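Chain by chain, the residues run as shown.
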Amino acid sequence: MGRGDLSDEEWALLEQHLPKNVGRGGRWKSHRRVINGILFRQRTGLPWRDLPARFGKWKTCHDLHRRWSADGTWEKILRAVQADADAEGRIGWSMVSVDSTSCRAHQHSAGARRRNPSIRGRRGRPAHHRPDEALGRSRGGLTRKIHLACEGGRRPLALLITPGQWGDAPQLIPVLDRIRVPRRGGGHPRTRPDHLGGDKAYSSRRNRRYLRRRQIKHTIPEPKGQRANRQRRGTRGGRPAGFDKTIYKRRNEVERTINQLKSFRAVATRYDKRAYIFHGTVTVAAIWLWLRP
């Protein structure tokens, strides 16, 4: 086992949720070497063609990652691992934090073909395909944003990839709608945290109305401009938003989660041309965080 490869304990947690090898190409019955090669590439950020020979053919690793990113297999594995953690009581639902991070995109991530990508042997577009490929322009060059919600144990519950110039407040509802942790005993998946924390970028009347409708307690500071506008309107401006400084201190959990995700160089700097492949790259990093003790 090389440095950074999955340990026996981590592989035992992951193997039970992997798709079975059937049909052609099933000579090897274990995905372990290929997945270790994918993790090595995501961790180091090197080109696929430069993968060490101990992981087998680079194209096998690349094609598996691309295929599982397109058909949503990585997301299914992530939800299965989350369901295991929830059944063991390892998810901190008492406080879920939301935030975003901007990351640079390498010049090789631009220039994708204008025609829509397809999944080999299947109809329809890949999961999480975006016509804009989630690439945004700024003074510094190409950028993109990762929006995420994390639980108290500093592990991601939901992810969303957007262009770098997109704001945070409009993405709060889409991120929360992606939280779906299945229950091992059956029933509806859990989608609602006990408490939500976020910085002032998520403060808007639309977001607070959405959280009240879903009966989610929240701690989001109110910017000075919104507070002044509410006071100027008098009784029509509504009541002031509640704020608990003690609970707000736990917002560092999502910052630490982002730091752990960006320890993967392929996440900190985007090299993938297609948005759905990069979404799979971030999902692989999230799965690795859930497998860690």
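Everything here concerns the structure above.
What counts, and where the lines are drawn
- Residues numbered from 1 in each chain as written.
- Predicted model: local features only at pLDDT ≥ 70, side-chain atom pairs only at ≥ 80, totals over all residues.
- Heavy atoms only, no water.
- Core = buried A, V, L, I, M, F, W, Y, C linked by side-chain atoms within 4.5 Å.
- Buried < 20%, exposed > 50% of the residue type's maximum accessible area, 1.4 Å probe, protein only.
- Helix = DSSP H or I, 4+ residues; strand = E, 2+ residues; numbered from the N terminus.
- Contact = heavy atoms within 4.5 Å.
- Phe/Tyr/Trp six-rings, centres within 6.5 Å; stacked < 30°, edge-to-face > 60°.
- Lys NZ or Arg CZ within 6 Å of the ring centre and 35° of its normal.
- Polar contact = N/O pair within 3.5 Å; in protein donor to acceptor, adjacent residues only side chain to side chain.
- Expected span 1.5 Å × (residues − 1).
- Arc of directions from axis to C-beta.

### Notes on the nonpolar core
Nonpolar side chains in soluble globular proteins tend to end up buried together. Among the nonpolar cores identified, the biggest contains 63 residues, and Leu14, Ile35, Ile77, Ile146, Leu157, Leu176 and Leu196 are the most heavily contacted of them. When residues in this core are grouped by element, the largest group, 10 residues, is from helix 11 (residues 275-291). Every residue in contact with leucine 14, bar those within four places of it in the chain, is listed here: Leu6, Ile35, Ile77, Ile287 and Leu291.

### Concerning the packing of aromatic side chains
Throughout the structure, instances matching the rule amount to 4 aromatic pairs. When the ring of phenylalanine 40 is compared with that of phenylalanine 55, the centres are 5.3 Å apart and the planes differ by 40 degrees; the resulting orientation is tilted. Here phenylalanine 40, found in helix 2 (residues 32-44), pairs with phenylalanine 55, found in the loop between helix 2 and helix 3 (58-70); they are 15 residues apart in sequence, far enough to count as distant. Comparing phenylalanine 40 with phenylalanine 55 shows no difference in burial state: the two are buried. When the centroid spacing of 5.2 Å and the interplanar angle of 55 degrees are considered together, the rings of phenylalanine 243 and tyrosine 248 count as tilted. For the cation-ring pair, arginine 130 lies above tryptophan 166, with the distance from its terminal atom to the ring centre recorded as 4.8 Å.

### Considering the side chain of threonine 283
Inspection of the secondary structure assignment puts threonine 283 in helix 11. A distance of 2.7 Å separates a polar atom in the side chain of threonine 283 from the backbone oxygen of histidine 279. When near neighbours in sequence (up to four residues on either side) are disregarded, threonine 283 contacts Trp74, Glu75, Leu78 and Leu159.

### Digging into helix 4 (residues 73-87)
Under the 1.5 Å per step criterion, the end-to-end length of helix 4 is 21 Å for 15 residues, consistent within 8% with the ideal 21 Å. Here the buried face of helix 4 lies against helix 1 (8-15), helix 2, helix 3, strand 4 (156-163) and helix 11. In the stretch just after helix 4, glycine 89 is the one whose phi turns positive, near 75 degrees.

### Some details on helix 1
For an α-helix, 3.6 residues make a turn, and residues three or four places apart therefore share a direction. Within helix 1, burial applies to Glu10, Trp11 and Leu14. Looking straight down helix 1, one finds its buried side chains confined to an arc of 95 degrees; they lie on one side. Of the exposed residues in helix 1, those oriented more than 90 degrees away from the buried face are Asp8 and Glu9. In this structure, the buried residues of helix 1 make contact with helix 2, helix 4 and helix 11.

### Thoughts on the environment of isoleucine 173
Its place among the elements puts isoleucine 173 in helix 5 (residues 172-177). With 82 residues separating them along the chain, isoleucine 173 and isoleucine 91 place their C-alpha atoms 21 Å apart. In this view, isoleucine 173 contacts Arg206, Asn207 and Tyr210; residues no more than four positions away in its chain are not counted.

Purely geometric numbers; function is a separate question.
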